[in-house]
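# Fold and contact review
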Amino acid sequence: MDHRQTADVVTEEVADGVFLGTLSMGERASMKYWQIDPGASLPTHEHEHEQIGYVLSGTLTAILEDEEVLLEEGDAYRFPSNEYHGAENRSGEPAVGLGVLAPPRNRPEWRDR
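Residues numbered from 1 in each chain as written. Predicted model: local features only at pLDDT ≥ 70, side-chain atom pairs only at ≥ 80, totals over all residues. Heavy atoms only, no water.

This paragraph deals with empty space enclosed by the protein. Inspection of the entire model under this criterion finds one cavity of 30 Å³ or more. Of the volumes computed, that of the largest cavity is approximately 260 Å³. Looking at the lining of the largest cavity, the elements with two or more residues in it are β2 (18-25), β3 (30-36), β4 (41-45), β6 (59-64), β8 (76-79), β9 (85-88) and β10 (95-102). (1 Å grid on protein atoms, 1.4 Å probe; cavity = no way out; pocket = protein on both sides within 12 Å on 5 of 7 lines; lining within 4 Å. Points joined across faces, edges and corners; volume = space filled by probe spheres on them. Helix = DSSP H or I, 4+ residues; strand = E, 2+ residues; numbered from the N terminus.)

Encoded structure:
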């Protein structure tokens, strides 16, 4: 068994005010810990990974191709493989959550563009 606490996660600033770190990594899925600061945006992108997640605290607006969805503390979400998506924190507090990607992902492909 692997055991890790969120306090042990080393995050990387992958966009201005957007922080991402690996909480756990397996053969078939990876779990990411993320924080998006007030006013920050996760760039819109798509990837082969199915992504499910949970908002631990704060609020976040998911940006999809044809709609926006408000995600609040306690909400779960899922982005199917290859669905165009991003996020914005339009609140005055950081948004923090967990995301699981299958298959596992080390570094976001869009980060290197």
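For the structure shown, the criterion picks out one aromatic pair. Between Tyr77 and Phe79, the aromatic rings sit 5.4 Å apart at their centres with planes inclined by 50°, giving tilted as the arrangement. Phe79 shares its class with Tyr77; the two are buried. (Phe/Tyr/Trp six-rings, centres within 6.5 Å; stacked < 30°, edge-to-face > 60°. Buried < 20%, exposed > 50% of the residue type's maximum accessible area, 1.4 Å probe, protein only.)

With that settled, the discussion passes to the sheet that holds β10. The strand order β1-β2-β3-β10-β5-β8 describes an open sheet built from six strands, whose pairing is antiparallel. This sheet does not close on itself; its edge strands, each paired only once, are β1 (12-15) and β8. On average, each strand axis in the sheet is inclined to that of its neighbour by 30°, with strand direction left out of account. Of the strand pairs in this sheet, β1 and β2 are connected by three bridges, and their pairing is antiparallel. Bridge pairing links Glu13 to Phe19 in β2. (Pairing = 2+ DSSP bridges. Axes fitted to C-alpha atoms, helices over the stretch in contact; angles between N-to-C directions.)

Moving on, we come to the sheet that holds β9. Strand order across the open sheet formed by four strands is β4-β9-β6-β7, with antiparallel pairing between neighbours. Taken across any chain shown, the strands that pair with only one partner, and hence form the sheet edges, are β4 and β7 (68-72). Mean inter-strand twist for the sheet, computed between neighbouring axes without regard to direction, equals 25°. Judged from the four bridges that link them, β6 and β9 form a sheet pairing that is antiparallel. By the bridge assignment, Leu64 is partnered in β9 with His85.

With that settled, consider the pattern of salt bridges. Close approach of charged atoms lets side chains of opposite charge pair. Per the stated rule, a full pass over the model turns up three salt bridges. For Glu68, the salt bridge goes to Arg90, with nearest N and O atoms at 2.9 Å. Of the two residues, Glu68 sits in strand β7 while Arg90 sits in the loop between β9 and β10, which places them 22 residues apart along the sequence. We note a salt bridge from Arg90 to Glu88, for which the minimum N-O separation is 2.8 Å. Judged by relative accessible area, which is 49%, Arg90 ranks as partly exposed. (Salt bridge = Lys/Arg side-chain N within 4 Å of Asp/Glu carboxyl O.)

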